[in-house]
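One-letter residues, chain by chain:
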Amino acid sequence: MLKIKKISINKMIVALLALLNINIFYFVYPSGELAKIWGSYHKTLLVIIALFSVLFTNFFIGKIKFHSKFLKQYLLVSTIVLAVICMYSIFAYPGQSMLYIFYTMSHFLFIWYATVLLREFLIDGGIEATLNVINVITFVLYVLLFIQFFIYATTGTVIFPREFGLRSNSIRIPLSAFGNLMIIYNYWKFRFSKNYSAFNIIQLALGIFLLFFVQQTRAYYIVVLGSILVMELVGKKTKYYVVKNLLIVLCLIAFIGFSSVWENFVDSLSVENETYGVATGARLLAIDYYWDAFLDNPLFAQGFIADVRYTNIMQGPFGIYNYSDVGFIGLLAQTGLFSIVLFIWPVVRWIKIIIRCKRNNIDYSLLLGLLFFSLSSMVSLSLFDSPRAILLPFLLAIFEFYYVQSINKIGDTKIGGVRRIERKI
């Protein structure tokens, strides 16, 4: 059975953020002024809640400790960087409201929520209690999407108020940021954790089914399945580690060489493909456009554009380009060389933590999956895009939790092998 410990205030906030990030299972879409801070691509309300959680925890529950110099430095330096880019944007685009600039860049501030999450992980002695809360919410979403898939296939009816797209004569609905991440988490629980349950297996099966037949995003096939493959090939070594990896490699070679599925996938990446060609072509044009924008102003690039008068600069001459579609190139085009601080710096840190865990005989298979998830996402699905930015504090907190575990190791290799801190509320 899936076990969720007594729910703390901060776990309630985690649940609230997860629900709001998917517009309460895609059923609630506000209008008017509220839509400017809460919607599919507007997350300012969530950021305000997350920052309130940081302040509330610090002043009323217990002073937050960073537990690593990196986390403190990263949060402070990144905040300064974002403030500098905001100031540049005010002068570069006259007439832009400071409030709307804040709306545009607020999701970058999700990173501060990592302090609260890390505190929860340390209190619980592991990451599972917090992630299980998200897992339950994601399960409800999975079930709803599974039902929608069959209802649409049989009657053509859509149960959600929002109009979603179609692909291959099937309704196409995103799994959400957590929906994709939980596939990797549940696979890790099933393959590498001793305390997995039937719930994790069911959740994993549902997630993979929806990944292919409902979400239908090519980039996520690579991101999610690649993360799973990396965990299997490079993760925890077992007695038959070499034989298992050899069999996996041989199966992949056979799949690539003889399967029409792989051939069709590769063909879908062509600009001449009937179904995907237009989207692929737009992304290639966006890469050239945003790369030129970065080269024109390497330090700041385009900055934060919030006014409709400057939409042609942000979305290109055809109005179809998006930062999120081109991953790290899009981040470069928006934040310039400061992207090194925002993304490259933590990636280097995460690699060091994995190496440290390996040396200390701590299972780092999940970290490998999350590292691949982060790097591959930044090819086409930017983690700094507003719908996915909520994952950043979770990634930061999970890696820093493993770091704390590595320096407080007391003889076992379980996630719980760290000193817990007292919970006041």
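Residues numbered from 1 in each chain as written. Predicted model: local features only at pLDDT ≥ 70, side-chain atom pairs only at ≥ 80, totals over all residues. Heavy atoms only, no water.

Q: It is not clear to me how the packing of helix 1 (residues 9-21) against helix 3 (residues 44-61) should be interpreted in this structure. Could you clarify?
A: In a packed pair of helices, the relevant descriptors are the angle between the two axes and the axis-to-axis distance. Closest axis-to-axis distance for the helix 1/helix 3 pair is 10 Å, and the angle between their directions is 175°. In terms of orientation, helix 1 lies roughly antiparallel with respect to helix 3. Contact with helix 1, carried on its side by I9, N10, I13, L16, L17, L20 and N21, involves L45, L46, I49, A50, S53, F56, T57 and I61 of helix 3 and no other residues of that element. Here the residues of the contact of helix 1 with helix 3 sort into eleven nonpolar, four polar and no charged. (Axes fitted to C-alpha atoms, helices over the stretch in contact; angles between N-to-C directions. Helix = DSSP H or I, 4+ residues; strand = E, 2+ residues; numbered from the N terminus. Parallel < 35°, antiparallel > 145°, perpendicular 65-115°, else oblique. Contact = heavy atoms within 4.5 Å. Nonpolar A, V, L, I, M, F, W, Y, C, P; charged D, E, K, R; others polar.)

Q: Is there a simple way to explain the packing of aromatic side chains in this structure?
A: To describe a pair of aromatic rings, one takes the distance between the centres and the angle between the planes. Applying the stated criterion to the full structure yields 35 aromatic pairs. A centroid spacing of 5.5 Å and a plane angle of 55° characterise the contact between F108 and F304, whose relative ring orientation is tilted. Of the two residues, F108 sits in the loop between helix 5 (98-105) and helix 6 (114-124) while F304 sits in the loop between helix 13 (277-296) and helix 14 (311-315), which places them 196 residues apart along the sequence. Ring geometry for F318 versus Y321: centroids 6.4 Å apart, planes at 80°, classification edge-to-face. (Phe/Tyr/Trp six-rings, centres within 6.5 Å; stacked < 30°, edge-to-face > 60°.)

Q: How should the environment of N58 be read in this particular structure?
A: Note on placement: N58 falls in helix 3. Taking relative accessible area as the criterion, N58 reaches 26% and is therefore assigned partly exposed. Between the alpha carbons of N58 and V116 there is a distance of 8.7 Å; along the sequence they are 58 residues apart. (Buried < 20%, exposed > 50% of the residue type's maximum accessible area, 1.4 Å probe, protein only.)

Q: Explain the pattern of salt bridges here, please?
A: Oppositely charged side chains may form a pair once their charged atoms are brought near each other. In total, this model carries seven salt bridges according to the counting rule given. A salt bridge links E232 to R191, with the shortest nitrogen-to-oxygen separation between them at 2.4 Å. Within this pair, whereas E232 is found in helix 10 (residues 218-234), its partner R191 is found in helix 8 (residues 177-192), the two being separated by 41 residues in sequence. Accessibility expressed as a relative area gives 6% for E232, which makes it buried. (Salt bridge = Lys/Arg side-chain N within 4 Å of Asp/Glu carboxyl O.)

Q: Can you walk me through the side chain of Q215 in this structure?
A: Following the sequence through the fold, Q215 ends up in helix 9 (residues 198-215). In contact with Q215, other than residues within four places in its own chain, are R172, I173, P174, L175, S176, N180, L210 and Y220.

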